[in-house]
Amino acid sequence: MGIFKDFEKKLESLFEGVFLRAFKSGVHPVELGKKLVRELEGHKTIGVSSRVYAPNRYDVGLSQRDYSRFESYQAVMATELENLLVSYVRNKGYAVLDRPRVKLVEDDRLSEGEFSIRCRMEGEVPADGEPKKARREAGRDRAGGPTGLELMDSGDVAPFFALEGEVTQIGRTTDNDIVLPDPNASRAHARVIRRGGAYFISDMDSTNGTWVNEQRVSESELDDNDVIRLGGTRLIFRRSQD
């Protein structure tokens, strides 16, 4: 399928071929992508009016050696695998309760070259009307909550940072509004700026750059469900539905 060729080309462009050469042995990223799609197809659900809903949570188990190969690229890989699933869902005309999430985990029961995938539907497929969104922060209803950034890859309950001021600064040191304990994030990495009803993320000359949906940006307007990567940390932009 064309989406897998596009997926591989995107990885090659991001890493100039170095990343994919590292996977001549062991698990290859394209293998993971194809298996994720097969798992999606095997666990889709038929909702109201025969609408097809795809799973939105995927845990990928890797052997110790394969996990160590992926470790430096986890944030990038997870985002690109998620983008692959988004493209597939869109092409097939399926529905999804929210942006698919992919989490890479180490599984010492697996040998090199082996991997496992568990997928599930987080949230409630509606009997009618709009779907109930997947769980976010405990006790928080997104539809009634503020616009903000949700920390990804953090477990079952995702910390949420409301964007309440005109400018919200993000970085590694404690004088930032949002502090990221990430050695790959700069001391002052990026700012989220509110201009009227729009939100923009602006890089602050960081060492490793600011990335939106794995596109490096100096400044970019944010849309709902955009994935921001700062160093090895991923945040998803959640726009209030009020």
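Residues numbered from 1 in each chain as written. Predicted model: local features only at pLDDT ≥ 70, side-chain atom pairs only at ≥ 80, totals over all residues. Heavy atoms only, no water.

**So, the sheet that holds strand β6 (residues 115-120)**
Quick reminder of the rule: By definition, two strands form a pair when at least two bridges between them are found by DSSP. We count a stretch as a helix when DSSP gives it H or I for four or more residues in a row; a strand needs E for two or more, and each element gets its number in order from the N terminus. Every angle, taken between N-to-C directions, lies between 0 and 180 degrees, and every axis is a line fitted to C-alpha atoms, over only the stretch in contact when it is a helix. Residue contacts follow a heavy-atom distance rule, with two residues in contact if any of their heavy atoms lie within 4.5 Å.
The three strands lie next to each other as β5-β3-β6, forming an open sheet whose pairing is mixed. A strand with exactly one partner marks an edge of an open sheet, and here the two such strands are β5 (101-106) and β6. Sheet twist, expressed as the average angle between the axes of neighbouring strands with direction ignored, equals 20 degrees. Where strand β3 (residues 57-62) lies against β5, six bridges are found, and the strand directions are parallel. Paired with Y58 across the two strands is V102, which belongs to β5. Helix α3 (residues 29-42) contacts β3, β5 and β6 of the sheet and is inclined by roughly 35 degrees relative to β6.

**Focus on the sheet that holds strand β2 (residues 52-54)**
A sheet is described by the order of its strands in space; here three strands give the open sequence β1-β2-β4, paired in mixed fashion. Here the strands that pair on one side only, and so sit at the sheet edges, are β1 (45-46) and β4 (95-96). The pairing of β2 with β4 spans two bridges and is classified as parallel. Following the sheet pairing, A54 is matched in β4 by V96.

**Digging into unusual backbone geometry**
Rules: Exposure is judged per residue with a 1.4 Å probe applied to protein chains only, and the accessible area is read against the type maximum: over 50% gives exposed, under 20% gives buried, and values in between give partly exposed.
The backbone of N213 sits at a positive phi, close to 55 degrees, despite the residue not being glycine. You can call N213 partly exposed: its relative accessible area is 24%. For N225, which is not glycine, the phi torsion reads 75 degrees and is therefore positive. When you line up the elements, N225 lands in the loop between β15 (219-221) and β16 (227-230). Assessed through its relative accessible area of 23%, N225 is described here as partly exposed.

**Things to note about the nonpolar core**
A general tendency of soluble globular proteins is for nonpolar side chains to be buried together. Defined as follows: What we call a nonpolar core is a set of buried Ala, Val, Leu, Ile, Met, Phe, Trp, Tyr and Cys residues that are connected through their side-chain atoms within 4.5 Å.
In this structure, L36, L40, Y58, V60, L62 and V102 are the most contacted members of the largest nonpolar core, which totals 28 residues. Elements supplying a minimum of two residues to this core: α1 (2-15), α3, β2, β3, α4 (64-70), α5 (74-92), β5 and β6. Broken down by element, this core gets its largest block of residues, six residues, from α5. Contacts of L36, omitting those with residues within four sequence positions, involve Y58, V60, L81, L85, V102 and I117. Judged by nonpolar contacts, the second largest core, of 17 residues, contains A185, A190, Y199 and F237.

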